[in-house]
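# A structural walkthrough
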Amino acid sequence: MTPQEIFKHLDKHQIDITKHFERAIEHKRLAHAFIFDGPDMQQQELVATWLAMRLFCLNDTNKPCGECNNCQRIVNGEHPDVISIVSDNKTIKIDEIRYIKNEFNKRAVEGFQKFLIIKDADKLTVGAENSLLKFIEEPQGPTTIVLLTQNRYALLPTIISRTQLIEFKGVTPKILAKELTNLFPKQNVDIIKIVSHLATDLKTAEYIMADDWVLESTHAMLRWYTVLMKQDIAAFAMVQMGLGPLGENDRLKEQAILDLCLLAFRDVLRMYEQREVIFLQNIEQNESILKITSLEQILKIMDVILKAPQLLKQNINFQTIMEKITLEIWLILKG
Amino acid sequence: MAYQALYRVWRPQFFKDMVGQEVVTQTLKNAIITKQTSHAYLFSGPRGTGKTSVAKIFAKALNCLDLKDGEPCNECINCQAINTGTLNDVIEIDAASNNGVEEIRDIRDKVKYAPTQGKFKVYIIDEVHMLSTGAFNALLKTLEEPPTQVVFILATTEPQKIPATIISRTQRFDFKRIKQTASLARMEYILTEKQIAYDQQALQIIATAAEGGMRDALSILDQALSFADNKLTLDNALMVTGAVTQDLLSLYVQAVLESDTVKGLELLQQLLDEGKDANRFIEDLIGYVRDLLLANEAPKLVNAIRNNDFKTQAQTISLQQAYTIIEESNNVQQQLRYTTHADVYLEVLTVKLCNLSDQKVDDTHTKQELAFSAENLPKKTILKQLEKSRKDASSITTFNAKIPVQGTDTKIATKGEINKVVDDEPTKLITKVQKSNLVKMDGQAVFLTLQKATKGALTAFNDAYIDLLNMLTVVQSAKLSQAKFVAASDQSVVLVFKQPYIHHLAIQDIELQTSIKDSLEKLLGNEYQLIFITEDQWQQVRKSYVTQLKAKIQPDEMQAPILAQIELETKPQALTVTDETEIENEQDAINSNLNNKQEVASLNEAKNAKMTDIVNEAQTMFGVENIEIRKD
Ligand SMILES: [Zn+2]
Ligand SMILES: [Zn+2]
């Protein structure tokens, strides 16, 4: 993204956070260490870049100009005093942190300040985190440290207590749907609606929206659901033939199918509470389902569904998980 | 100049500035005044409780040229040099980034040289638990033959990771979590000094969110202040902490207690619309319910400041309800780590919690009737309960049960009758009790303790009680808060559980047992055999002991009684002890003589198992995996 695109995006989506930083800088109350935590890593990266531009911009206004040499180099990742740690490995080890700390304890190459971004800070090993403690608490010279994460609960409490936590909110389905409609005006309305409920960030949304995959998966899921709710064990076979292969051995897609099931059964729960349903609007047997299932059963089914994503994280084969779910739900329905 | 975080600017400079660590600071001051300082100290305690700050103040006091009543002057050249980090005799080592042996060897080499400018060489080793084994060994060598004029201060959040050989050579100070009132006072002081206006409720929210860490409190305060010009508002505090307001939490819990699903979901939606973090909400909910539990048993431990409805709720909520809420919430919190659809998880949780009470309020049902009689209950709730009991009439199982027990009948009725099983054949429950050697549950063990018991030992345990609770997880401390120490020797300790039901949970909770054992070892420096019994059993065994004592029976000839069966409160009265049980009792005696106490314990379990109530409870608490129901 160009600086101008970044500004536009942030004005639209993260205005609260950028305003907060602007105010803090204006009042000279900007802290030196932050955790950016939220479901959509891209948002956090953009704000971190924006913040670096704001601090380094050569034009002295309350907003970064996006034009000057510093702004340009920061966007292109070329500024020597703005350092980003991005690791493709599973963990970020203590050696990498030591190296960075040494670099940081040297004087700033240009100007007088330094800026450190650690992406996926939850990948830091415990050793690496511990070695950051003192550094974060009392960095040498004017330094700003930003840790980006999608799960701050994976960080040491001692790290969190030394930083300011900025929470990024996920987008609501409504906003996501609007965004997607803008980006893909020709896209099928149903697809956009489904995707906006499935995904919590734009990147994932775009990814699972490709081709007709979502539509196909939703239909497969609804067929499976209908058969299963009739207590027909044929649903078990449908996993192997339909839902399983649709996972395409792709973690994101597998997760999306599990989420489809989650949302479908959430609707059953909603029906029970006489609230609006989202996915199951056109299902004929809605009425009869309520007659044969009790709230207890629905809650038991929900327990089964809610536990599934954890299994996926534990690297259990997707089809096995779907089969397990199917069987368990079938048993619950049978009573 | 770059902005300095409050916790850095307001780092205490005098012992008297230290918040909530009076015992530690007083002891250190006395040592300075009487010139009886040790060579090595271990400062342990949770994050942000002032370990490093006290270490620095102590280093100054040791070197100050103008001591005043044990306090450093902060003005002499030594004090100032330490404050700016330029006194060569005060060496700070961050073990986390220097876990190599080299650095510690370096200390060993240089430690023998006398201090250059100060009076003492002070080594402050922060995060000392991060040292490698090699480094610990090197450090040990130095601690074994400490040169005069050298003081080591080891600071750590995880003392259990430090070798006992090191610990035994140090004087240990445990830093406590800072009480809310203390951190409130400190924040008020700082804000007044800075002439910043503040909302009192906002400060309370920050104090709660800080969980006993002063640094956390100041860090959050800092952030809340950065949102507004020179004032602290309630809105900003809520926004920064992500805390759910007391009022909303209290309404939510009320909805749960009244089984008002519609209201519960409505409140949840409100929370989500405000952009509250799901995890924070659950944490706050667990904290709130934990406090409801403590309010009855140990009101002193209720840390947070709660509103008016809190008291009524504390009287209304039953132990089981509270535990179920905590457990269910806990489960969801675990699951949240794997999903991006937290809202659905909370929705399900809410529906679940709002539908729990119908079958589980049993033991407080009478209590509830006292609190507000049936006509005061919202109509909807009553209707719902009626409808519910009709629906569920054929089954007493809760929604967690895998196999419904047939031919049973539920009535919502008086205590003792609830969940009564009208059934020809007894239903047998076999719990797969995990055998642990951590806990004993027999009369013999209690006798051994009583024979060696000392008042001092018991006092030590009671003094450590609150710290012990603080060292456990929320759920664990909730369980332990229902127990008390009644007798202790230097080898073992007897914990009595007032509620047989909690005892039942505790003896199966190996994690809880391990935590208690480890924490006690940390607190009291010794490994103890734990003995868990119920109040009734304690009365029984004590009586037997006293009788034998009065009869002047020699300790080694005393006969410990077989402990009475544990009767859960909700045990149906219809079930009586059968002959079969008596035979089992004799079997118990034989087993006991064979020193097979664990067997006895599990036999006891099997007997208790006759009570179908356990099925419900156990299934709710442990999930179905560990339990099977068999029909004989
Ligand atoms: Zn610029
Ligand atoms: Zn001085």
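These remarks concern the structure in this document. Treat the numbers as computed from the prediction; the structure is a model and nothing was measured. (Residues numbered from 1 in each chain as written. Chains lettered and ligands numbered in written order. Predicted model: local features only at pLDDT ≥ 70, side-chain atom pairs only at ≥ 80, totals over all residues. Heavy atoms only, no water.)

### Focus on the overall build of chain A
A tally of regular secondary structure across chain A gives 16 helices and five strands. The buried share of chain A, reckoned over its 335 residues, is 57%. Sequence-distant contacts, at least 24 apart, represent 71% of the contacts inside chain A between residues at least 6 apart. (Helix = DSSP H or I, 4+ residues; strand = E, 2+ residues; numbered from the N terminus. Buried < 20%, exposed > 50% of the residue type's maximum accessible area, 1.4 Å probe, protein only. Contact = heavy atoms within 4.5 Å.)

### With respect to helix H9 (residues 189-198) of chain A
Residue and element names in this part refer to chain A. For H9, the tally of buried residues reaches seven of ten residues, placing the bulk of the element in the interior. Residues of H9 that are buried include every one of Ile 191, Ile 192, Ile 194, Val 195, Ser 196, His 197 and Leu 198, and no others. For H9, the elements touching its buried residues are helix H8 (173-183), helix H10 (202-209), helix H11 (213-229) and helix H13 (251-272). The N-capping residue of H9, defined by a side-chain oxygen 2.6 Å from the backbone nitrogen of Asp 190, is Asn 188. (Polar contact = N/O pair within 3.5 Å; in protein donor to acceptor, adjacent residues only side chain to side chain.)

### Examining the pattern of salt bridges
Across all of its chains, the model carries 27 salt bridges over all chains by this definition. Between Lys 12 of chain A and Glu 179 of chain A there is a salt bridge; the shortest N-O distance is 4.0 Å. Separated by 167 residues along the polypeptide, Lys 12 of chain A in helix H1 (residues 3-13) and Glu 179 of chain A in helix H8 bring together distant segments of the chain. Given a relative accessible area of 13%, Glu 179 of chain A falls into the buried group. Note that Glu 328 of chain B and Lys 352 of chain B form a salt bridge whose closest N and O atoms lie 3.2 Å from each other. A residue pair is termed long-range when its members are at least 10 positions apart, and Glu 328 of chain B in helix H16 (residues 319-336) and Lys 352 of chain B in helix H17 (residues 342-354) qualify at 24 residues. Of the two residues, Glu 328 of chain B and Lys 352 of chain B, neither departs from the other in class, the shared state being buried. Bridged by salt links that share partners, the residues Glu 137 and Arg 162 of chain A together with Arg 11 of chain B form one connected network. (Salt bridge = Lys/Arg side-chain N within 4 Å of Asp/Glu carboxyl O.)

### Concerning the sheet that holds strand E11 (residues 492-497) of chain B
Residues and elements named next belong to chain B. An order of E9-E12-E11-E10 is seen for the four strands of this open sheet, with the pairing classed as mixed. Sheet topology places strand E9 (439-440) and strand E10 (483-488) at the edges, where each strand pairs with a single neighbour. Direction of pairing for E10 relative to E11: antiparallel, over a ladder of five bridges. Pairing of Ala 488 across the sheet is with Val 493, part of E11. Its contacts with the sheet place helix H22 (residues 455-471) against E10 and E11, and it is angled at close to 155 degrees to E10. Docked against the sheet, helix H25 (residues 510-524) engages E9, E10, E11 and strand E12 (529-534), running at close to 130 degrees with respect to E12. (Pairing = 2+ DSSP bridges. Axes fitted to C-alpha atoms, helices over the stretch in contact; angles between N-to-C directions.)

### Here's the deal with empty space enclosed by the protein
Per the counting criterion, the structure on display carries seven cavities of 30 Å³ or more. Of the voids in this model, the largest cavity is the one considered here, and its volume is about 380 Å³. Contributing to the lining of the largest cavity are 29 residues, with Arg 11, Gly 48, Gly 50, Ser 53 and Arg 215 of chain B lying nearest its centre. Contributions of two or more residues to the lining of the largest cavity are made by helix H6 (126-137) of chain A together with helix H3 (51-63) and helix H10 (214-225) of chain B. Among the elements that take part in the lining of the largest cavity, H3 of chain B stands out by supplying four residues, more than any other. (1 Å grid on protein atoms, 1.4 Å probe; cavity = no way out; pocket = protein on both sides within 12 Å on 5 of 7 lines; lining within 4 Å. Points joined across faces, edges and corners; volume = space filled by probe spheres on them.)

### Things to note about the coordination of the zinc ion (ligand 2)
Under perfect tetrahedral coordination by four donors, a metal shows angles of 109.5 degrees; under perfect octahedral coordination by six donors, it shows angles of 90 or 180 degrees. All names here are of chain B. Around the zinc ion (ligand 2), the donor atoms from the protein are Cys 64 (SG), Cys 73 (SG), Cys 76 (SG) and Cys 79 (SG), and they sit 2.3 Å away. Its relative accessible area of 7% is what places Cys 73 among the buried residues. Residue class for Cys 76 comes out buried when judged on its relative accessible area of 12%. (Donors = N, O, S within 2.8 Å, 3.2 Å for Na, K, Ca; no water.)

### Details of the coordination of the zinc ion (ligand 1)
Residues and elements named next belong to chain A. For the zinc ion (ligand 1), the protein coordination sphere consists of Cys 57 (SG), Cys 65 (SG), Cys 68 (SG) and Cys 71 (SG), at 2.3 Å. In this structure, the zinc ion (ligand 1) is coordinated by four donor atoms arranged in tetrahedral fashion, with angles at the metal of 101 to 120 degrees. A relative accessible area of 13% means that Cys 57 is categorised as buried. Here Cys 68 falls in the buried class, since its relative accessible area comes to 9%. (Tetrahedral: all angles 85-135°; square planar, octahedral: opposite > 155°, others 65-115°.)

### Regarding the pairing of E10 of chain B
Both faces of the sheet carry side chains from a regular strand, because those side chains alternate between them. The buried fraction of E10 of chain B is high, at five of six residues. A loop of three residues connects E10 of chain B with E11 of chain B, the two strands running antiparallel in sequence.

### A word on the interface of chain B and chain A
When the parts of a complex come together, some accessible area is lost, and that lost area is often used as the size of the interface. Opposite the 56 residues of chain B that make contact, chain A presents 56 residues. Taking both sides of the interface into account, the surface hidden between chain B and chain A amounts to around 5200 Å²; carbon and sulfur atoms contribute 49%. Between chain B and chain A we count five salt bridges in total. One salt bridge connects Arg 270 of chain A with Glu 347 of chain B, and the closest N-O pair in it is separated by 3.4 Å. (Buried area = accessible area lost by both parts, 1.4 Å probe.)

### Quick look at the sheet that holds strand E1 (residues 33-37) of chain A
Residue and element names in this part refer to chain A. Spatially, five strands are ordered E2-E3-E4-E1-E5 in an open sheet, and the strand pairing comes out parallel. The outermost strands of the open sheet, each flanked by one partner alone, are strand E2 (82-85) and strand E5 (164-167). On average, each strand axis in the sheet is tilted by 20 degrees relative to the strand beside it, whichever way the strands run. Helix-sheet contacts for helix H2 (residues 15-26) involve E1 and E5, and the interaxial angle to E5 is about 150 degrees.

### Observations concerning the packing of aromatic side chains
All names here are of chain B. Applying the stated criterion across every chain, the model contains 20 aromatic pairs over all chains. Between Phe 43 and Phe 173, the ring centres sit 5.9 Å apart and the planes meet at 80 degrees, which makes this aromatic pair edge-to-face. Placement of Phe 43 in strand E1 (residues 40-44) and of Phe 173 in strand E5 (residues 171-174) is noted, with a sequence separation of 130 residues between them. Residue Phe 43 is classed as buried on the basis of its relative accessible area, which comes to 0%. Geometrically, the ring pair formed by Phe 447 and Tyr 545 is edge-to-face, given 5.1 Å between the ring centres and 90 degrees between the ring planes. One end of the pair, Phe 447, is in helix H21 (residues 443-452); the other, Tyr 545, is in helix H26 (residues 535-550), with 98 residues separating them in the sequence. A relative accessible area of 1% means that Phe 447 is categorised as buried. Taking relative accessible area as the criterion, Tyr 545 reaches 11% and is therefore assigned buried. An aromatic cluster of at least three residues, connected via ring pairs, comprises Tyr 41, Phe 43, Phe 58, Phe 173 and Phe 175. Over the aromatic face of Phe 14 sits the side chain of Lys 16, whose NZ or CZ is 4.1 Å from the ring centroid. In this structure, Lys 112 is placed above the aromatic ring of Tyr 113, and the distance from its NZ or CZ to the ring centre is 5.9 Å. (Phe/Tyr/Trp six-rings, centres within 6.5 Å; stacked < 30°, edge-to-face > 60°. Lys NZ or Arg CZ within 6 Å of the ring centre and 35° of its normal.)

### Focus on the side chain of Arg 29 of chain A
Within the secondary structure layout, Arg 29 of chain A lies in the loop between H2 and E1. Look at Arg 29 of chain A and you get buried, because its relative accessible area is 13%. The contact partners of Arg 29 of chain A, leaving out residues within four places of it in the chain, are Ala 24 of chain A together with Tyr 3, Asp 222, Leu 225 and Ser 226 of chain B.

### Description of the packing of H2 of chain A against helix H3 (residues 41-56) of chain A
All names here are of chain A. For the pair H2 and H3, the least separation of the axes is 11 Å and the interaxial angle reads 25 degrees. Classified by the angle between their axes, H2 and H3 sit roughly parallel to one another. As for the relative orientation of H2 and H3, their crossing is right-handed in sense. Counting all contacts with H2, which are made through Ile 17, Thr 18, Phe 21, Glu 22 and Ile 25, the residues of H3 involved are Val 47, Trp 50, Leu 51, Arg 54 and Leu 55. Across the contact of H2 with H3, the residue classes tally to seven nonpolar, one polar and two charged. (Parallel < 35°, antiparallel > 145°, perpendicular 65-115°, else oblique. Left-handed = near helix turned anticlockwise from the far one by under 90°. Nonpolar A, V, L, I, M, F, W, Y, C, P; charged D, E, K, R; others polar.)

### Quick notes on unusual backbone geometry
Residues and elements named next belong to chain B. One non-glycine residue, Lys 35, adopts positive backbone phi at about 55 degrees. Among the structural elements, Lys 35 can be located in the loop between helix H2 (22-33) and E1. A positive phi angle is found at Ser 259, which is not glycine, with a value near 55 degrees. Residue position: Ser 259 is located in the loop between helix H12 (246-257) and helix H13 (261-273). For Ser 259, a relative accessible area of 5% puts it in the buried group.

### Focus on the environment of Ser 519 of chain B
All names here are of chain B. Mapped onto the elements, Ser 519 comes out in helix H25. Of the residues examined, Ser 519 reaches a relative accessible area of 4% and is grouped as buried. In this structure the C-alpha to C-alpha distance between Ser 519 and Ala 464, which are 55 residues apart in sequence, comes to 9.6 Å. In this structure, Ser 519 is in contact with Leu 468, Met 471 and Leu 472, ignoring residues within four places of it in sequence. Polar contacts involving the side chain of Ser 519 include one to the main-chain carbonyl oxygen of Ser 515, which spans 2.7 Å.

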